[in-house]
Amino acid sequence: SPSGGATISKVVVDRATAGTTNATLLHVASSSGYYRSTDGGATWMQALPGIVSDLVADPTTDGSVLYAAVGSAFANSANGVYRSADRGQTWTRLT
(Lines give C-alpha, C1' and ligand atoms only; values in the text may rest on other atoms or scores of the structure.)
Protein backbone atom coordinates (compact mmCIF):
# COMPACT_ATOMS: atom_id res chain seq x y z
CA SER A 1 0.00 0.00 0.00
CA PRO A 2 1.30 3.48 -0.80
CA SER A 3 -0.38 5.06 2.19
CA GLY A 4 1.91 3.97 5.02
CA GLY A 5 -0.61 5.63 7.32
CA ALA A 6 -1.14 8.62 5.01
CA THR A 7 -4.54 9.80 3.86
CA ILE A 8 -5.25 8.94 0.22
CA SER A 9 -7.21 11.73 -1.46
CA LYS A 10 -7.48 10.41 -5.02
CA VAL A 11 -6.79 7.32 -7.12
CA VAL A 12 -6.53 7.57 -10.92
CA VAL A 13 -6.40 4.49 -13.16
CA ASP A 14 -4.50 4.93 -16.44
CA ARG A 15 -6.97 4.42 -19.31
CA ALA A 16 -4.38 2.97 -21.67
CA THR A 17 -3.40 0.15 -19.29
CA ALA A 18 -6.68 -0.40 -17.42
CA GLY A 19 -7.79 -4.01 -17.37
CA THR A 20 -4.42 -5.59 -18.04
CA THR A 21 -3.76 -8.38 -15.60
CA ASN A 22 -0.39 -7.24 -14.27
CA ALA A 23 0.54 -3.91 -15.88
CA THR A 24 -2.27 -1.54 -14.91
CA LEU A 25 -0.77 1.86 -14.09
CA LEU A 26 -2.23 3.40 -10.94
CA HIS A 27 -1.74 6.94 -9.65
CA VAL A 28 -2.38 7.98 -6.02
CA ALA A 29 -2.51 11.44 -4.45
CA SER A 30 -1.93 11.34 -0.71
CA SER A 31 -0.94 13.39 2.30
CA SER A 32 2.60 12.05 1.89
CA GLY A 33 3.01 12.58 -1.86
CA TYR A 34 2.16 11.25 -5.30
CA TYR A 35 2.77 7.55 -5.82
CA ARG A 36 2.57 5.41 -8.94
CA SER A 37 2.32 1.68 -9.48
CA THR A 38 3.10 0.03 -12.80
CA ASP A 39 1.98 -3.43 -11.70
CA GLY A 40 -1.62 -3.00 -10.66
CA GLY A 41 -0.76 -1.95 -7.11
CA ALA A 42 1.66 -4.72 -6.10
CA THR A 43 4.49 -2.19 -5.66
CA TRP A 44 4.54 1.61 -5.35
CA MET A 45 7.09 4.36 -5.99
CA GLN A 46 6.91 7.95 -4.78
CA ALA A 47 7.50 10.37 -7.67
CA LEU A 48 6.40 13.66 -6.07
CA PRO A 49 6.78 14.50 -2.36
CA GLY A 50 4.52 16.78 -0.36
CA ILE A 51 0.84 16.93 0.43
CA VAL A 52 -0.89 16.08 -2.86
CA SER A 53 -4.52 17.05 -2.42
CA ASP A 54 -5.78 16.44 -5.95
CA LEU A 55 -4.76 14.60 -9.09
CA VAL A 56 -6.31 14.64 -12.57
CA ALA A 57 -5.50 13.11 -15.93
CA ASP A 58 -5.90 15.46 -18.89
CA PRO A 59 -8.93 14.07 -20.75
CA THR A 60 -7.67 15.44 -24.07
CA THR A 61 -4.64 13.11 -24.00
CA ASP A 62 -4.15 9.35 -23.84
CA GLY A 63 -3.61 9.64 -20.08
CA SER A 64 0.04 10.57 -20.33
CA VAL A 65 -0.52 14.12 -19.01
CA LEU A 66 -1.35 14.50 -15.31
CA TYR A 67 -1.79 17.50 -13.02
CA ALA A 68 -1.27 17.42 -9.25
CA ALA A 69 -2.11 20.01 -6.60
CA VAL A 70 0.61 20.14 -3.95
CA GLY A 71 0.32 22.26 -0.85
CA SER A 72 0.35 22.70 2.85
CA ALA A 73 -1.12 25.29 5.16
CA PHE A 74 2.36 26.53 6.01
CA ALA A 75 3.04 28.38 2.71
CA ASN A 76 5.75 25.95 1.66
CA SER A 77 7.72 27.08 -1.41
CA ALA A 78 6.90 23.74 -3.06
CA ASN A 79 3.15 24.53 -3.03
CA GLY A 80 1.58 24.76 -6.46
CA VAL A 81 0.24 22.88 -9.44
CA TYR A 82 2.55 20.34 -11.04
CA ARG A 83 2.39 18.77 -14.52
CA SER A 84 3.68 15.43 -15.73
CA ALA A 85 3.83 14.58 -19.43
CA ASP A 86 5.16 11.05 -18.91
CA ARG A 87 2.45 9.30 -16.89
CA GLY A 88 3.75 10.55 -13.55
CA GLN A 89 7.42 9.62 -13.83
CA THR A 90 8.64 13.24 -13.63
CA TRP A 91 6.94 16.46 -12.55
CA THR A 92 7.39 20.19 -13.27
CA ARG A 93 5.90 22.96 -11.16
CA LEU A 94 3.79 25.33 -13.24
CA THR A 95 4.41 29.04 -12.77
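Residue indices begin from 1 for each chain and proceed along its sequence in written order. Residues qualify for local features only when their pLDDT is at least 70, as the model is predicted, and side-chain atom pairs are given and counted only at 80 or more; totals for whole chains, interfaces and linings, by contrast, use all residues. Calculation of side-chain values draws on the structure's entire complement of heavy atoms; hydrogens and water are dropped beforehand.

A. Just the side chain of Asp 14, in detail. The topology assignment puts Asp 14 in the loop between strand 1 (8-13) and strand 2 (26-30). Accessibility expressed as a relative area gives 2% for Asp 14, which makes it buried. Residue contacts are counted whenever heavy atoms from the two residues lie within 4.5 Å of one another. Aside from chain neighbours lying at most four places away, what touches Asp 14 is Leu 25, His 27, Gly 63 and Arg 87. Helix and strand assignments follow DSSP, with helices taken as H or I runs no shorter than four residues and strands as E runs no shorter than two, numbered in order from the N terminus. Each residue is placed in one exposure class: buried if its accessible area under a 1.4 Å probe, protein chains only, is under 20% of its type's maximum, exposed if it is over 50%, and partly exposed if it falls in between.

B. Representation of unusual backbone geometry within the structure. A positive phi angle is found at Arg 87, which is not glycine, with a value near 60°. The topology assignment puts Arg 87 in the loop between strand 7 (80-84) and strand 8 (92-93).

C. Structural view of the nonpolar core. As used in this record, nonpolar core signifies buried Ala, Val, Leu, Ile, Met, Phe, Trp, Tyr and Cys residues forming a set joined through side-chain atoms within 4.5 Å. Membership of the largest hydrophobic core is limited to 11 residues, which are Val 12, Ala 29, Tyr 34, Leu 48, Val 52, Leu 55, Leu 66, Ala 68, Val 70, Tyr 82 and Trp 91. Elements with a contribution of two residues or more to this core: strand 5 (52-57) and strand 6 (66-70). The element contributing the most residues to this core is strand 6, with three residues. Beyond its immediate sequence surroundings of up to four residues, Val 12 is in contact with Leu 25, Leu 26, His 27, Leu 55 and Ala 57.

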